[in-house]
Amino acid sequence: MVTGETAAGGAAPAGPDPKTPSAHQLRLFVALAEELHFSRAAARLFMTQSALSQQIRDLERRLGVRLFDRSSRAVTLTPQGRVLLADARGVVAAMDRLSRSASTQARRLSGRLVVGTIGAEAAMPYTHAVLRLLHERHPLVEVDVRSLHFADHFDALFRHDIDVAFLRPPVPPGVEVQHLATEPRLACLSASDPLVDRDRITLAELACHPVIDVPPQVPRLWWDFWAADPRPDGTPVRYGPVASDLEGLLHLVAQGKGMCFLPAAARDLFPRPGIRYVEVTDLPRQRRASPG
């Protein structure tokens, strides 16, 4: 064994500089700078608040500057933190570009496409049509279809775990959408609810019904639309228990713990004991993604 120097007589390769921050730490720094709230940033990053705090302290130690002022009421960027934030964003963006490029190249070499679906999207006619056309045009491409939960279906795109997804808008910034279809939403209610005997109802008649909620990682832009929050008169929605996927959501509705709104296709795709679907006359129709 040769220690200290290489067999050729040169210096041994140096290890990582303990003062150099990792790309992961810079990503955490950017997220906390955008949220300015440890709990929200930790939820967004799928980690505990204590782990986030520890990583930020280590980053500050490595950089030799304090990035945040912390108090019991607020988290704010220090002047040094504001200056370094732009550089940190640049590094994170460069790493994301590198990751996307490497992922694209790897899949081109392997001929593999990872497709995500949420809810009933895998069973929809347009999904079958798109995948069938893909197979006809590119028969050597291996297609891997993955079912996604509410909490991760957008993040799976941002993390490049999937290449494309069949999902329900609205979408957060950074997601390119092609609309496939337009359909109404229906109220999904417990079979014991008196309103299920009606052919049509209005949002006002659902004012006292709690709506099943989703995990905090789900963009509120998305769930606010599906919960019709706020209502047309400005009234905020009252939320009930949390469901992380469609089956959990339907189970809670059947138990009478709350209601939800689902696309009209759910009536045929998800007939479940204990739930009923009712048309809501004043819900706007939703457009969905179409090959353009």
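Residues numbered from 1 in each chain as written. Predicted model: local features only at pLDDT ≥ 70, side-chain atom pairs only at ≥ 80, totals over all residues. Heavy atoms only, no water.

### Describing a nonpolar patch on the surface
A cluster of nonpolar side chains, Val91, Met95 and Leu98, forms an exposed patch at the surface whose accessible area comes to about 250 Å². Within the fold, Met95 resides in helix α4 (residues 79–110). Classification of Met95 as partly exposed rests on a relative accessible area of 37%. (Patch = residues over 30% accessible without salt bridge, like charges linked within 9 Å, V, L, I, M, F, W, Y side chains within 5 Å. Areas by Shrake-Rupley, 256 points an atom, 1.4 Å probe, with all protein chains shown as cover. Salt bridge = Lys/Arg side-chain N within 4 Å of Asp/Glu carboxyl O. Helix = DSSP H or I, 4+ residues; strand = E, 2+ residues; numbered from the N terminus. Buried < 20%, exposed > 50% of the residue type's maximum accessible area, 1.4 Å probe, protein only.)

### Focus: the confidence of the model for the protein chain
In the predicted model, the protein chain carries a mean pLDDT of 84, and 89% of its residues have values of at least 70. Averaged pLDDT values over the elements of the protein chain bottom out at 44 in strand β13 (residues 286–289) and peak at 96 in strand β9 (residues 211–213). Counting contacts from residues 1–15, a segment whose pLDDT is below 50, to residues more than four positions away or on other chains yields eight contacts. Scored below 50 in pLDDT, residues 287–292 shows 26 contacts in the model against residues more than four places distant or in partner chains. (pLDDT = per-residue confidence, 0-100. Contact = heavy atoms within 4.5 Å.)

### Focus: the environment of Asp144
Among the structural elements, Asp144 can be located in strand β4 (residues 142–148). Measuring from C-alpha to C-alpha, the distance between Asp144 and Ile162 comes to 9.0 Å, with 18 residues separating the pair along the chain. Ignoring any residue separated from it by four or fewer positions in sequence, one finds Asp144 in contact with Arg112, Leu113, Val114 and Val115. Within the local environment of Asp144, its side chain forms a polar contact with the side chain of Arg112, the two groups lying 3.2 Å apart. (Polar contact = N/O pair within 3.5 Å; in protein donor to acceptor, adjacent residues only side chain to side chain.)

### Side note on the packing of helix α1 (residues 23–35) against helix α2 (residues 38–45)
Remark: α1 packs on α2, axes separated minimally by 8 Å, with the N-to-C direction vectors making an angle of 130 degrees. On the basis of their axis angle, the class for α1 and α2 is oblique. The handedness of the crossing between α1 and α2 comes out as right-handed. Here Leu28, Ala31, Leu32, Glu34 and Glu35 of α1 lie close against α2, whose contacting residues are Phe38, Arg40, Ala41, Arg44 and Leu45. Along the lines of polarity and charge, the residues of the contact of α1 with α2 split into six nonpolar, no polar and four charged. (Axes fitted to C-alpha atoms, helices over the stretch in contact; angles between N-to-C directions. Parallel < 35°, antiparallel > 145°, perpendicular 65-115°, else oblique. Left-handed = near helix turned anticlockwise from the far one by under 90°. Nonpolar A, V, L, I, M, F, W, Y, C, P; charged D, E, K, R; others polar.)

### Notes on α2
An α-helix turns once per 3.6 residues; consequently, residues spaced three or four apart project the same way. Residues of α2 that are buried: Phe38, Ala41 and Ala42. All buried residues of α2 fall inside an arc of 100 degrees around its axis, so they share one side. Against the buried residues of α2 lie α1, α3 (49–63), β1 (68–70) and β2 (75–77). Immediately beyond the C-terminal end of α2, within one or two residues, lies Phe46, with a positive phi of roughly 60 degrees. (Arc of directions from axis to C-beta.)

### Here's the deal with the packing of aromatic side chains
Using the criterion set out here, one finds six aromatic pairs in the structure. A centroid spacing of 6.3 Å and a plane angle of 85 degrees characterise the contact between Phe154 and Trp222, whose relative ring orientation is edge-to-face. Here Phe154, found in helix α6 (residues 153–158), pairs with Trp222, found in helix α7 (residues 220–226); they are 68 residues apart in sequence, far enough to count as distant. Neither residue differs from the other here; Phe154 and Trp222 are each classed as buried. Through successive ring pairs, a cluster of aromatic residues spans Phe150, Phe154, Trp222 and Trp223. Residue placement shows Arg185 over the ring face of Phe225; its charged tip is 3.9 Å from the ring centre. (Phe/Tyr/Trp six-rings, centres within 6.5 Å; stacked < 30°, edge-to-face > 60°. Lys NZ or Arg CZ within 6 Å of the ring centre and 35° of its normal.)

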